[in-house]
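Spelled out, the chains give:
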Amino acid sequence: MYVSRDAGGEISMISRECTPECTESIAPDDPEVLAFLDQAGGDQRRLLRDSDLAFVRVLEDVIELMIAKGVISFTELPEAAREKLLKRQTLRRQVNSVELLGDDEDEWLI
């Protein structure tokens with residue numbers, strides 16, 4: 001493995017081959033390499049999770065739109081999908097009602 005370091009001496013880039021940016025040779029099992037890879041993987045996992053959450057909302061909206069337009073019937077969905085949709089709708093209503101109550105409470109405190 002070859003690494004590049006930032007001004008503070010921390011690994012900023014890793015390559016399997018020597019490149020103009022990565023010239024320092026280091027063992028693949030070096031604790032610095034493992035820590036860098038763990039951090040980079042964590043960032044990617046967080047981005048993927050955030051993307052998944054946003055995409056789930058898009059899919060939910062598309063399903064609701066298709067049902068509203070009569071393209072599909074709610075009962076045509078697999079039972080597991082129906083249960084998940086109903087659970088999300090219930091949770092969303094609960095969260096929205098709590099947020100509305102929270103807003104009203106704040107107004108009374110002013």
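Residues numbered from 1 in each chain as written. Predicted model: local features only at pLDDT ≥ 70, side-chain atom pairs only at ≥ 80, totals over all residues. Heavy atoms only, no water.

- Per an unreviewed UniProt entry, the chain goes by the name Tryptophan synthase subunit beta like protein and belongs to Modicisalibacter xianhensis.

**Some words on the overall build of the chain**
So, point 1. For the chain, the count of helices and strands is 2 helices and 3 strands.
So, point 2. Taken from the N to the C terminus, the helices and strands of the chain come in the order β-β-β-α-α.
So, point 3. Among the 110 residues that make up the chain, the fraction classed as buried is 9%.
So, point 4. If you take every contact in the chain between residues at least 6 apart in sequence, the share linking residues at least 24 apart comes to 19%.
So, point 5. Accessible surface, the chain: about 8800 Å² in total, of which carbon and sulfur atoms supply 59%. (Helix = DSSP H or I, 4+ residues; strand = E, 2+ residues; numbered from the N terminus. Buried < 20%, exposed > 50% of the residue type's maximum accessible area, 1.4 Å probe, protein only. Contact = heavy atoms within 4.5 Å. Areas by Shrake-Rupley, 256 points an atom, 1.4 Å probe, with all protein chains shown as cover.)

**Here's the deal with the pairing of strand S1 (residues 2–5)**
Side-chain positions along a regular strand alternate between the two faces of the sheet.
So, point 1. Of the pairings in the sheet, the one linking S1 to strand S2 (residues 11–15) comprises 4 bridges and is antiparallel in character. When the sheet's bridge partners are listed, Arg-5 is paired in S2 with Ile-11.
So, point 2. Count of turn residues in the S1/S2 antiparallel hairpin: 5 residues, of which Gly-9 carries a positive phi of about 85°.
So, point 3. As paired elements, S1 and strand S3 (residues 24–25) share 2 bridges and run antiparallel to each other. Within S3, the residue paired with Tyr-2 across the bridge is Ser-25. (Pairing = 2+ DSSP bridges.)

**Some remarks on the side chain of Ser-15**
So, point 1. Along the polypeptide, Ser-15 turns up in strand S2.
So, point 2. Owing to a relative accessible area of 16%, Ser-15 belongs among the buried residues under this scheme.
So, point 3. Of note is the side chain of Ser-15, whose polar atom sits 2.7 Å from the backbone oxygen of Glu-17. (Polar contact = N/O pair within 3.5 Å; in protein donor to acceptor, adjacent residues only side chain to side chain.)

**Focus: the sheet that holds S1**
What links the strands of a sheet is backbone hydrogen bonding, and the strands pair in either a parallel or an antiparallel sense.
So, point 1. Read across the open sheet, the 3 strands follow the order S2-S1-S3; overall the sheet is antiparallel. Each edge of the open sheet is held by one strand with a lone partner, namely S2 and S3.
So, point 2. Sitting on the sheet, helix H1 (residues 31–68) touches S1 and S2, and the angle it makes with S2 is about 95°. (Axes fitted to C-alpha atoms, helices over the stretch in contact; angles between N-to-C directions.)

**What about a nonpolar patch on the surface?**
So, point 1. On the surface, a cluster of nonpolar side chains totalling about 340 Å² of accessible area is made up of Phe-55, Val-58, Leu-59 and Val-62.
So, point 2. Considering the arrangement of structural elements, one finds Phe-55 in helix H1. (Patch = residues over 30% accessible without salt bridge, like charges linked within 9 Å, V, L, I, M, F, W, Y side chains within 5 Å. Salt bridge = Lys/Arg side-chain N within 4 Å of Asp/Glu carboxyl O.)

**Comments concerning the environment of Arg-16**
So, point 1. Tracing the backbone through its elements, the reader meets Arg-16 in the loop between S2 and S3.
So, point 2. Along the sequence, Arg-16 and Pro-28 sit 12 residues apart, while their C-alpha atoms lie 9.0 Å from each other.
So, point 3. Every residue in contact with Arg-16, bar those within four places of it in the chain, is listed here: Met-1 and Tyr-2.

**Focus: the pattern of salt bridges**
So, point 1. Enumeration according to the criterion identifies 6 salt bridges in this entry.
So, point 2. Residues joined by salt bridges that share partners form a network here, namely Arg-5, Glu-24 and Glu-32.

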